[in-house]
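Spelled out, the chains give:
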Amino acid sequence: MSPELTTILVTVAQGIVILLVAVLVAAYLSWVERRLLAWWQDRYGPNRVGPFGTMQLVADMLKMFFKEDWIPPFADKLTFILAPIVSMSAFMLAFAIIPITPNWFVADLNIGILYFFMLAGLAVYGVLFAGWSSVSKYALLGSLRSTAQSVSYEVFMGLSIMGVVAQAGSFNMIEIVNAQQNIWFIIPQFFGFITFFASGVAVTHRSPFDLPESEAELGAGYHTEYSGMKWGMFFVGEYVGILLVSGLLVTLFLGGWHGPLLPPFVWFMLKISFFIMLFILLRAALPRPRYDQLMSVGWKICLPLTLINLLLTGAIILWQQGGGA
Amino acid sequence: MNYLWSLVTDFGTQLRSLWMVFSHGFRKRDTLQYPEQKVNAPPRYRGRIVLTRDPDGNERCVACNLCAVACPVGCISLQKAESADGRWYPEFFRINFSRCIFCGMCEEACPTTAIQLTPDFELADYKRTSLVYEKEHLLISGPGKYPDYNFYHIAGMAISGKPKGSGQNEAPPIDTKSLLP
Ligand code: SF4
Ligand code: SF4
């Protein structure tokens, strides 16, 4: 076997393993989330199936497989089927750019972070298709909100990490991580971190920005009409989204695999678990805003904040270069 | 400036509620792990229904049908019979527990405290028909919540050995004809 072929095979194997593990972990998060939510609400959560309830996922999967996979007769069939596929695969594909350790990553793209923006933009179509093809009021309202929401967060989401890109001087994720050897970007780019975190929550439609879903007033929002495995794909897609955004936060702001003593893999896992926990804590603690409130936060606070942040970062970089010359 | 300050406080309150919810992780949990940990239901809990006996060991129920009338779901059914000494008793007494909502109306309606609800709530069964309880399942050998009450001693219709008006709080009946001038 020629060395090129070996490299290709190893890379493909790595990619498959990472994606499989990502999906598995994402599915398991459904159990982790319920246990954590219960823990913060003085309950136990699912603890009956298997030791500590760890087999709950298997029971849930069985239940979901045996549910009727129903397509409403009035729905637009093709789009209806396409929607969950789009919304799950977009996030999964975006996972490819996250470097877990110096040697473990799927794709070392030189446009790295832009690729994520592209797929985050595509993931919105999953929600839009779902709401539109369901021909139901609640689903439509849900996806309408999703549109309003994405219009307001996508702008500052891009801007929020341009500071990081400017400091690292690259879109490439691995170079961004390497640029954080001395100081994690969360310190110089604190406002970038805050705004990216907020928009990350909005991208994954997690509470408190789960307006497209909002069980309380819209049934289940954009996936009201879905059942069985199609619903399951939306569900897993949401958790893959959490994993993805947590992974991005770790690589962009918390120095990826960098850290003292422990091996890189352990550091990465620790950091990503912290952010996953934070996502769930947000859901446990914060109420959902009205969507005009969400938009005004997006346009009036986050956008100016990111712009100021970007300006200051640019000025400091220029000043440092000028000082050096 | 006010606007900026309110931004800071808003952000602060969000962080505060995050912390408060997180701190709940270190408190005692309220859940009772039921099948392993038994529930201690209070004495007046409304669970499985029993028919009690008076202190003499006789059935308290006089088959007056008031419980069956009071029952909002109509799950009690009984048939009156009369014993040799003139006492009434239910020939059969049937409660369909798959219908019963454990409201306690029957207990309130009962003039003889015969029918009583108990704190036992573990009634689950595999067959619906085995949720229909007959008199032999309902009747217990004790007086339940009212250990001293004996309907036939206090009031009630005449039975053999107890003529009319000889109850504890009763006066003998007055012969109205003898009151004539
Ligand atoms: S508890 Fe209520 S529902 Fe049950 S038998 Fe008595 S009256 Fe009927
Ligand atoms: S249980 Fe009480 S109310 Fe019901 S028939 Fe018997 S005496 Fe009457």
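Please refer to the structure higher up on the page.
As the structure is a computational prediction, the values presented were derived from the model and not from experiment.

Description of the nonpolar core
Now for step 1: Ranked by internal contacts, the top residues of the largest apolar core, which has 73 residues, are Ile113, Phe116, Phe196, Leu248, Leu252 and Phe253 of chain A.
Now for step 2: By residue number, the principal contributor to this core is helix α10 (residues 228-253) of chain A, which donates 12 residues.
Now for step 3: When residues no more than four places from it in sequence are discounted, the contact partners of phenylalanine 196 of chain A are Phe116, Met157, Ser160, Ile161, Leu248, Leu249, Leu252 and Phe253 of chain A.
Now for step 4: Among the nonpolar cores identified, the runner-up in size contains 23 residues, and Ile49, Phe97, Cys110 and Tyr133 of chain B belong to it.

Things to note about the site of ligand 1
Residue and element names in this part refer to chain B.
Now for step 1: By nearness alone, 13 residues border ligand 1, and Cys71, Cys100, Cys103, Gly104 and Cys106 come closest of all.
Now for step 2: With respect to the pocket detection grid, ligand 1 is positioned in the second largest cavity.
Now for step 3: By residue class, the composition of the shell around ligand 1 is 12 nonpolar, one polar and no charged.

Some points on the site of ligand 2
Now for step 1: Among the 13 residues in the neighbourhood of ligand 2, the closest are listed as Cys61, Cys64, Asn65, Cys67 and Cys110 of chain B.
Now for step 2: By residue class, the composition of the shell around ligand 2 is 11 nonpolar, two polar and no charged.

Concerning the pairing of strand β3 (residues 88-96) of chain B
Residues and elements named next belong to chain B.
Now for step 1: With seven bridges joining them, strand β2 (residues 76-82) and β3 adopt antiparallel strand pairing. Considered in β3, the bridge of lysine 80 is made with proline 90.
Now for step 2: Taking the residues that link successive antiparallel strands as the turn, the β2-β3 hairpin has five residues, and the phi of glycine 86 there is positive, at about 95°.
Now for step 3: In terms of strand pairing, β3 meets strand β5 (residues 132-133) through two bridges, oriented antiparallel. The partner of isoleucine 95 across the bridge, within β5, is tyrosine 133.

Digging into the packing of helix α8 (residues 190-203) of chain A against α10 of chain A
All names here are of chain A.
Now for step 1: Look at α8 against α10: their axes get within 10 Å of each other, and the N-to-C directions meet at 170°. When the axes of α8 and α10 are compared, the pair comes out roughly antiparallel. In terms of crossing hand, the pair formed by α8 and α10 is right-handed. For the pair α8 and α10, contact is made by Gly192, Phe193, Phe196, Phe197 and Gly200 and by Val245, Leu248, Leu249, Leu252 and Phe253, respectively.
Now for step 2: Looking at the contact of α8 with α10 residue by residue, the classes come out as eight nonpolar, two polar and no charged.

Regarding the side chain of threonine 52 of chain B
Residues and elements named next belong to chain B.
Now for step 1: Within the fold, threonine 52 resides in the loop between β1 (49-51) and α2 (66-70).
Now for step 2: Look at threonine 52 and you get buried, because its relative accessible area is 1%.
Now for step 3: Within the structure, threonine 52 has its side chain in polar contact with the side chain of arginine 60 (distance 3.1 Å).
Now for step 4: Side-chain polar atoms of threonine 52 contact the backbone oxygen of threonine 113, separated by 3.2 Å.
Now for step 5: Among residues more than four places away in sequence, those in contact with threonine 52 are Glu59, Arg60, Thr113, Ala114, Gln116, Leu139, Ile140, Gly142, Pro143 and Gly144.

Digging into the layout of surface pockets
Now for step 1: Counted as a void, the largest pocket has a volume near 1,400 Å³.
Now for step 2: Along the wall of the largest pocket there are 46 residues; nearest its centre are Ile194, Ala198 and Val297 of chain A together with Phe11 and Gln14 of chain B.
Now for step 3: Those elements that place two or more of their residues in the lining of the largest pocket are α5 (137-160), α8, α11 (264-285) and α12 (291-324) of chain A together with α1 (2-23) of chain B.
Now for step 4: In terms of residue count, the dominant contributor to the lining of the largest pocket is α12 of chain A (11 residues).
Now for step 5: Looking at side-chain class alone, the lining of the largest pocket contains 34 nonpolar, nine polar and three charged residues.
Now for step 6: Empty space within the second largest pocket amounts to approximately 590 Å³.
Now for step 7: Considering the residues around the second largest pocket, the lining is formed by 29 residues, among which Ser30, Glu213, Trp231, Phe235 and Tyr239 of chain A are closest to the centre.
Now for step 8: Counting only elements with at least two residues in the lining of the second largest pocket, the list comes to α1 (3-40), α2 (56-65) and α10 of chain A.
Now for step 9: Of all the elements, α10 of chain A adds the most residues to the lining of the second largest pocket, at seven residues.
Now for step 10: Residues belonging to the lining of the second largest pocket are distributed by class as follows: 12 nonpolar, six polar and 11 charged.

Here's the deal with the interface of chain B and chain A
Now for step 1: Chain B puts 19 residues into the contact, and the matching count from chain A is 17 residues.
Now for step 2: Across the interface of chain B and chain A, roughly 1,700 Å² is buried in total on both sides, 59% from carbon and sulfur atoms.
Now for step 3: One can count one salt bridge joining chain B with chain A.
Now for step 4: For glutamate 36 of chain B, the salt bridge goes to arginine 48 of chain A, with nearest N and O atoms at 3.1 Å.
Now for step 5: For the interface between chain B and chain A, the tally reads six residue pairs in polar contact (both at pLDDT 80 or more).
Now for step 6: Broken down by class, the residue content of the side of chain B that touches chain A amounts to eight nonpolar, six polar and five charged.

Calculation criteria
Residues numbered from 1 in each chain as written. Chains lettered and ligands numbered in written order. Predicted model: local features only at pLDDT ≥ 70, side-chain atom pairs only at ≥ 80, totals over all residues. Heavy atoms only, no water. Core = buried A, V, L, I, M, F, W, Y, C linked by side-chain atoms within 4.5 Å. Buried < 20%, exposed > 50% of the residue type's maximum accessible area, 1.4 Å probe, protein only. Helix = DSSP H or I, 4+ residues; strand = E, 2+ residues; numbered from the N terminus. Contact = heavy atoms within 4.5 Å. Near = heavy atom within 4 Å. 1 Å grid on protein atoms, 1.4 Å probe; cavity = no way out; pocket = protein on both sides within 12 Å on 5 of 7 lines; lining within 4 Å. Sits in = over half its atoms within 2 Å of the grid points. Nonpolar A, V, L, I, M, F, W, Y, C, P; charged D, E, K, R; others polar. Pairing = 2+ DSSP bridges. Axes fitted to C-alpha atoms, helices over the stretch in contact; angles between N-to-C directions. Parallel < 35°, antiparallel > 145°, perpendicular 65-115°, else oblique. Left-handed = near helix turned anticlockwise from the far one by under 90°. Polar contact = N/O pair within 3.5 Å; in protein donor to acceptor, adjacent residues only side chain to side chain. Points joined across faces, edges and corners; volume = space filled by probe spheres on them. Buried area = accessible area lost by both parts, 1.4 Å probe. Salt bridge = Lys/Arg side-chain N within 4 Å of Asp/Glu carboxyl O.

Note that every value here comes from positions in space, so none of it alone points to a role or purpose.
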